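Topology and contacts: notes
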Amino acid sequence: GLLLLPLLRITMNFPVPWRCLLPSEAVDFLTYNNGELLRDLSDRTGAMIDVSGERDTPKRLSDRIVTMSGLAEQKEGACLG
């Protein structure tokens, strides 16, 4: 799963999105088959997961931005896979 700093384990049960960077080499893996893997992860955890597109990512950044929204336990579940 995606790894986040242990500091994010502080429980915040209000809608504060978590963001992390996804190496560009992994984008095709996560978005394969029209994003089926991300939809499945979202369905299982209840977290909303979005991967930035090329136009949504700053030009100077080679990685993509993953944004997870939901309750703390939903986002943590998505990080753990």
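Quick note: structure is the one above.
For the structure given in this document, a descriptive report is provided here. These figures come from a predicted structure and were not determined experimentally. (Residues numbered from 1 in each chain as written. Predicted model: local features only at pLDDT ≥ 70, side-chain atom pairs only at ≥ 80, totals over all residues. Heavy atoms only, no water.)

Secondary structure summary: the protein contains 2 helices and 3 strands in total. Element order for the protein, N to C, with α for helix and β for strand: β-α-β-β-α. For the protein, the residues scored as buried account for 28% of the 81 residues in total. The long-range share in the protein, meaning contacts at least 24 apart out of those at least 6 apart in sequence, stands at 60%. About 5,900 Å² of surface is accessible on the protein, with carbon and sulfur atoms providing 57% of the total. (Helix = DSSP H or I, 4+ residues; strand = E, 2+ residues; numbered from the N terminus. Buried < 20%, exposed > 50% of the residue type's maximum accessible area, 1.4 Å probe, protein only. Contact = heavy atoms within 4.5 Å. Areas by Shrake-Rupley, 256 points an atom, 1.4 Å probe, with all protein chains shown as cover.)

Strand order in the open sheet made by the 3 strands is β1-β3-β2, with antiparallel pairing throughout. This sheet does not close on itself; its edge strands, each paired only once, are β1 (18-22) and β2 (48-51). Neighbouring strand axes in the sheet, compared pairwise and without regard to direction, differ in orientation by 20° on average. Where β2 and strand β3 (residues 64-69) come together, 4 bridges link them in antiparallel fashion. (Pairing = 2+ DSSP bridges. Axes fitted to C-alpha atoms, helices over the stretch in contact; angles between N-to-C directions.)

For N33, which is not a glycine, the phi torsion comes out positive at approximately 60°. N33 gets classed as partly exposed once you look at its relative accessible area, which sits at 44%.

Counting 14 residues, the largest nonpolar core has L22, L38, I49, V51, V66, M68 and A78 as the members making the most contacts within it. Counting residues per element, the ones that place at least two in this core are β1, α1 (24-45), β2, β3 and α2 (72-80). Considering each element in turn, this core owes the most residues, 4 residues, to α1. Once residues lying within four places of it in the same chain are set aside, the contact partners of L38 are L30, I49 and V51. (Core = buried A, V, L, I, M, F, W, Y, C linked by side-chain atoms within 4.5 Å.)

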